[in-house]
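# Summary of structural features
Each chain, written out:
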Amino acid sequence: MGQSNGREAGREPGQERHRGAVTLRRQAITGSTADQRLLDSRGRGDWKTKDAWRALRILSEFVEGFDTLADLPPAVSVFGSARSRPESPECQLAEALGGALARAGYAVITGGGPGVMEAANRGASEAGGLSVGLGIELPFEQGLNDWVDLAVDFRYFFARKTMFVKYAQAFVVLPGGFGTMDELFEALTLVQTGKVTRFPVVLMGESYWGGLLDWLRDTMAADGKIGPVDLELIRVTDDVDAAVRHIVAAEAALNVEQEAVREEAVAVATSERRAAAEAGDENGER
């Protein structure tokens, strides 16, 4: 009797796609993603029947993300291109950055894919730090890189983007494409509008970002679309140690501010209790 090794003819391992907790292979893979189906305006007939159920699925992604990441140590989200080659300058920079962040006590969060993300995860893991990957369902599956220690797969971009911000003390952005730009400008918008405070945004790859920074200064700021102070939200450096020092200093400043707020709250509460006690004593004497 011949040995099949548990496989039928024509059932060799093939493409794999992750959809939240679900893994799809071979014929089970569909041609669209959950985000595409949610945002497709042509499927209006489905909105009343399917979107209510999608809301529960979206809620489950937030619950899973919050529950999994709640116990993370202080962390930094690192962004950059999935297309960068391992020998590229940005991948070498990302690997050095991942190691430096880990040695400074930070977990490193990336999108979990290849390129710059893999390099940052590798640097953190090899330095003994916690390496986190937040994966996403894409039409062309990239898969999580081998250097991720803790992974969460998402169907929906907006749930994943929340985790990048909620559990990070800073963003470091290396050369990348549309996805990288999306994360960069979301972070800048959140800081500019006060949705998050003391949130450092560091650009690494000075030559890559030079043209964008010139346009922000000479066109956007010059035309009054942003203020001069908004440009100060961005720190640009190719020095890994300088980037880490900037992040550490911002966290220390935030801790000082938070401690001052706590002390003021305690002082106010103490004063109010004392005033109430004195008022009680006066009423008792009468």
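Keep in mind that what you see is a predicted model, and the values were worked out from it rather than measured. (Residues numbered from 1 in each chain as written. Predicted model: local features only at pLDDT ≥ 70, side-chain atom pairs only at ≥ 80, totals over all residues. Heavy atoms only, no water.)

A separate point is the sheet that holds strand E5 (residues 131–136). Spatial ordering of the open sheet is given by E6-E5-E4-E3-E7-E8-E9, a layout of seven strands whose pairing is parallel. Of all the strands in the sheet, the pair left with one neighbour each is strand E6 (150–154) and strand E9 (234–236). Between one strand axis and the next, the sheet turns by 20° as a mean value, whatever way the strands run. Here strand E4 (residues 107–110) runs beside E5; their pairing, made up of three bridges, is parallel. Bridging across to E5, Val108 finds its partner in Ser131. Against the sheet, helix H5 (residues 157–166) touches strand E3 (75–79), E4, E5, E6 and strand E7 (170–173), its axis set at about 160° to E5. The strands touched by helix H7 (residues 206–221) are E7, strand E8 (201–203) and E9; relative to E9, the strand with the most contacts, the crossing angle is about 140°. (Pairing = 2+ DSSP bridges. Helix = DSSP H or I, 4+ residues; strand = E, 2+ residues; numbered from the N terminus. Axes fitted to C-alpha atoms, helices over the stretch in contact; angles between N-to-C directions. Contact = heavy atoms within 4.5 Å.)

On the surface, Trp53, Leu56, Leu59 and Val63 cluster together to form a nonpolar patch covering roughly 460 Å² of accessible area. Relative to the elements of secondary structure, Leu56 occurs in helix H2 (residues 47–69). (Patch = residues over 30% accessible without salt bridge, like charges linked within 9 Å, V, L, I, M, F, W, Y side chains within 5 Å. Areas by Shrake-Rupley, 256 points an atom, 1.4 Å probe, with all protein chains shown as cover. Salt bridge = Lys/Arg side-chain N within 4 Å of Asp/Glu carboxyl O.)

Glancing now at H7. With 16 residues, H7 should reach 22 Å at 1.5 Å per residue; the first-to-last C-alpha distance of 20 Å falls well below that figure. Bending of H7 peaks at approximately 30° at the position of Leu212. Buried residues of H7: Trp209, Leu212, Leu213, Leu216 and Ala221, and no others. Here the buried face of H7 lies against E7, helix H6 (178–192), E8 and E9. (Expected span 1.5 Å × (residues − 1). Bend = angle between axes of the 7 residues up to and from the residue. Buried < 20%, exposed > 50% of the residue type's maximum accessible area, 1.4 Å probe, protein only.)

Our focus in this paragraph is the pattern of salt bridges. What the rule picks out here adds up to seven salt bridges. With a shortest N-O distance of 3.9 Å, Glu95 and Arg122 are connected by a salt bridge. Taken together, the positions of Glu95 in helix H3 (residues 89–103) and Arg122 in helix H4 (residues 116–126) put the pair 27 residues apart, joining distant regions of the chain. Under the relative-accessibility criterion, Arg122 is labelled partly exposed at 34%. For Glu186, the salt bridge is made with Lys161, and the minimal N-O distance between the two is 3.2 Å. Within this pair, whereas Glu186 is found in helix H6, its partner Lys161 is found in helix H5, the two being separated by 25 residues in sequence. For Glu186, a relative accessible area of 25% translates into the label partly exposed. Using a relative accessible area of 12% as the deciding quantity, one classes Lys161 as buried.

Following the sequence through the fold, Trp209 ends up in helix H7. When the C-alpha atoms of Trp209 and Val236 are compared, they prove to be 8.5 Å apart, with 27 residues separating the residues in sequence. Sequence-distant contacts of Trp209, that is, excluding residues within four places in its chain, are made with Val173, Leu174, Pro175, Thr180, Met181, Leu184, Leu203 and Met204.

We now examine the side chain of Lys161. A polar contact is formed between the side chain of Lys161 and the side chain of Glu186, at a distance of 3.2 Å. Other than its neighbours up to four places away in sequence, Lys161 contacts Asp182, Glu183 and Glu186. (Polar contact = N/O pair within 3.5 Å; in protein donor to acceptor, adjacent residues only side chain to side chain.)

It is worth spelling out the packing of H5 against H6 at this point. Relative orientation and spacing of two packed helices are given, respectively, by the angle between their axes and the distance between those axes. The interhelical angle for the contact between H5 and H6, taken along N-to-C directions, is 60°, at an axis separation of 12 Å. The angle between H5 and H6 places the two elements in the oblique class. Handedness of the crossing formed by H5 with H6: right-handed. Across the interface between the two elements, Lys161, Phe164 and Val165 of H5 pack against Asp182, Glu183, Glu186 and Leu190 of H6. Among the residues forming the contact of H5 with H6, the class breakdown is three nonpolar, no polar and four charged. (Parallel < 35°, antiparallel > 145°, perpendicular 65-115°, else oblique. Left-handed = near helix turned anticlockwise from the far one by under 90°. Nonpolar A, V, L, I, M, F, W, Y, C, P; charged D, E, K, R; others polar.)

To continue, consider a negative patch on the surface. Together, Glu206, Asp238, Asp239 and Asp241 make up a negatively charged patch on the protein surface. Mapped onto the secondary structure, Asp238 falls in the loop between E9 and helix H8 (240–285). (Lys, Arg positive; Asp, Glu negative; His and termini not counted. Charge placed at Lys NZ, Arg CZ, Asp CG, Glu CD.)

Turning to the packing of aromatic side chains, a few remarks are in order. All told, the structure shown has six aromatic pairs when counted by the stated rule. Consider the rings of Phe62 and Phe66, whose centres lie 5.9 Å apart with planes at 45°: the pair is tilted. Linking Phe62 with Phe66, this pair stays in helix H2, spanning four residues, or about one helical turn. Aromatic side chains Phe79 and Phe164 sit 4.9 Å apart centroid to centroid with 70° between the ring planes, which places their arrangement in the edge-to-face category. Of the two residues, Phe79 is situated in strand E3 and Phe164 in helix H5; the sequence distance between them amounts to 85 residues. (Phe/Tyr/Trp six-rings, centres within 6.5 Å; stacked < 30°, edge-to-face > 60°.)

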